[in-house]
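What follows is each chain in one-letter form.
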Amino acid sequence: MPSTTMDANAIQKLYEVCKVSLSEKGPLSSESVDNVRAVLDMITPADVGLECEAEAVRVWRSPRALSRKRVFHSSPAIRYRHIYECKSFSIGIFCIPASSIIPLHNHPGMTVLSKILYGTAHVKSYDWIDTAESLNLSKVRPAKVVRDGEMSAPCGAMVLHPEGGGNIHALRAITPCAILDILTPPYSSEDGRHCSYFRRCPRSDPSGVLLNRRKGSEFVWLEEYQPHDNFIIRRDLYTGPALKL
């Protein structure tokens, strides 16, 4: 059931700031990103119809947790609640069951703002390492670790830029969690922005090129792959306030 304390103005304000700050080529400026982030940071679970789920997570590890878990779907599938999309940006919420994983994936040419609404997730993210040297990479590329740790609500939004900030990232839900994502511009296969998945693979660096250049930094080799069939994201009903377009 939607919360009776939802603030319809909060999500409407987020839409309005995205509308004037984001374009088909992404943010209009760094200030535009800051403006969207400031509004996103103010969004609460109650603003998008998730107050019951947020309250259940607050007592997830307490003796009352068994009864609270009934709030969540019995299906282990990750669910996506779509709010809005245009050529400039998309807004939606990922609801992730405890222990579920969104595999390592990228956001090519996109800026992403992610706000965890409730729960705790472990995030590991990477950026590609650009090398002038010929490494005969084929489908394998070196990447540096940008983030490797937990984030718990309440906290500020995470920003991923097209070339930095951890554009390639994976999420593992430690408790049930919900993440509000803004993508600008959104995924579009026809514009060359399709989602690819990656995994770590063993590879040596016989020339020492990367080790010499990346002293003090952790780097890995990533290869593109297709996730297993049991990785499913289901479209779910958005129960928050409707936008006035």
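Preceding this paragraph is the structure being described.
Please read all numbers here as calculations on a predicted model, not as lab measurements.

### Structural notes on the sheet that holds strand β6 (residues 111-118)
And step 1. The six strands lie next to each other as β9-β6-β11-β4-β3-β14, forming an open sheet whose pairing is mixed. Among the strands making up the open sheet, the edge pair consists of β9 (158-160) and β14 (233-236). Ignoring strand direction, the axes of neighbouring strands in this sheet form an average angle of 25 degrees.
And step 2. For strand β3 (residues 78-85) and strand β4 (residues 90-96), the ladder comprises six bridges, and the chain directions are antiparallel. By the bridge assignment, Glu-85 is partnered in β4 with Ser-90.
And step 3. The strands touched by helix α2 (residues 30-40) within the sheet are β6, β9 and β11 (177-184), with β6 carrying the most contacts at an inclination of about 10 degrees.

### What about the nonpolar core?
And step 1. In this structure, Leu-14, Ile-83, Ile-93, Leu-180 and Ile-182 are the most contacted members of the largest nonpolar core, which totals 32 residues.
And step 2. Looking at this core, the elements that each hand over two or more residues are α1 (8-21), α2, α3 (51-58), β3, β4, β6 and β11.
And step 3. Ranked by the residues each element gives to this core, the list is headed by α1, at six residues.
And step 4. Once residues lying within four places of it in the same chain are set aside, the contact partners of Ile-93 are Val-48, Leu-50, Arg-79, Tyr-80, Arg-81, Ile-83, Leu-117, Ala-178, Ile-179, Leu-180 and Tyr-238.

Procedures and definitions
- Residues numbered from 1 in each chain as written.
- Predicted model: local features only at pLDDT ≥ 70, side-chain atom pairs only at ≥ 80, totals over all residues.
- Heavy atoms only, no water.
- Pairing = 2+ DSSP bridges.
- Helix = DSSP H or I, 4+ residues; strand = E, 2+ residues; numbered from the N terminus.
- Axes fitted to C-alpha atoms, helices over the stretch in contact; angles between N-to-C directions.
- Contact = heavy atoms within 4.5 Å.
- Core = buried A, V, L, I, M, F, W, Y, C linked by side-chain atoms within 4.5 Å.
- Buried < 20%, exposed > 50% of the residue type's maximum accessible area, 1.4 Å probe, protein only.

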